[in-house]
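Single-letter residue listing:
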Amino acid sequence: MRKLALALPLIAVLLLAACGGTTTTSGGGNSSTITMAGSSFTGNTSITVKAGQAVTFADTDGGGGTHNLVTGTNGQFAAATGAPTEFAASSGVNFSPGDTKQIVFPNAGTYNITCTIHPSMQATITVTP
Ligand SMILES: [Cu+2]
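Residues numbered from 1 in each chain as written. Predicted model: local features only at pLDDT ≥ 70, side-chain atom pairs only at ≥ 80, totals over all residues.

Caption draft 1: Expanded view of the overall build of the protein chain. Counting its regular elements, the protein chain contains 1 helix and 9 strands. Ordered by position from the N terminus, the helices and strands of the protein chain form the series α-β-β-β-β-β-β-β-β-β. The burial tally for the protein chain puts 24% of its 129 residues in the buried class. Residue pairs in contact within the protein chain that sit at least 24 positions apart in sequence constitute 62% of those at least 6 positions apart. (Helix = DSSP H or I, 4+ residues; strand = E, 2+ residues; numbered from the N terminus. Buried ≥ 20, exposed ≤ 12 C-beta atoms within 10 Å, placed from the backbone. Contact = placed C-beta atoms within 7 Å.)

Shown next as structure tokens:
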């Protein structure tokens, strides 16, 4: 009984660590990750995935920032046929510092992504069939 009482908190810590591990995809080698800092994209801004694959948006560089990503250019929303449902509305996808979100792109096409808060933030996601 005494051993079990010690083991339970340990298991809880291990589970938390495992969950945290999924957010450590920022930076470098991952070609399907878009990284953001306080007011800009910081890595690849032109990436290619296959239809049905997820793009990871990691707002973690330097602690991240507040962003509102939409389809469009120069901070202006433009509806994009075939874009993920998350990007279907002008309200877009909100990021708070430290957020990492995976968004599946189900349809082939070329999608421009911009930030309504920082119009200079622009990325292009190409989805191949
Ligand atoms: Cu932004």
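Caption draft 2: Geometry of the sheet that holds strand β7 (residues 100-105). Taken in spatial order, the 3 strands of this open sheet run β1-β3-β7, and their pairing is mixed. At either margin of the open sheet sits one strand with a lone partner, and together these are β1 (33-35) and β7. Strand-to-strand, the axes of this sheet are offset by a mean angle of 20°, without reference to chain direction. (Pairing = 2+ DSSP bridges. Axes fitted to C-alpha atoms, helices over the stretch in contact; angles between N-to-C directions.)

Caption draft 3: Fine view of the nonpolar core. Counting residues in hydrophobic clusters, the biggest one holds 19 residues, and the most contacted among them are Ile-34, Phe-57, Leu-69 and Ile-125. Counting only elements with at least two residues in this core, the list comes to β3 (53-58), β4 (67-73), β8 (109-115) and β9 (122-128). With sequence-adjacent residues up to four places away left out, Ile-34 is seen in contact with Phe-41, Gly-43, Asn-44, Ile-47, Val-55, Phe-57 and Ala-123. (Core = buried A, V, L, I, M, F, W, Y, C linked by C-beta atoms within 7 Å.)

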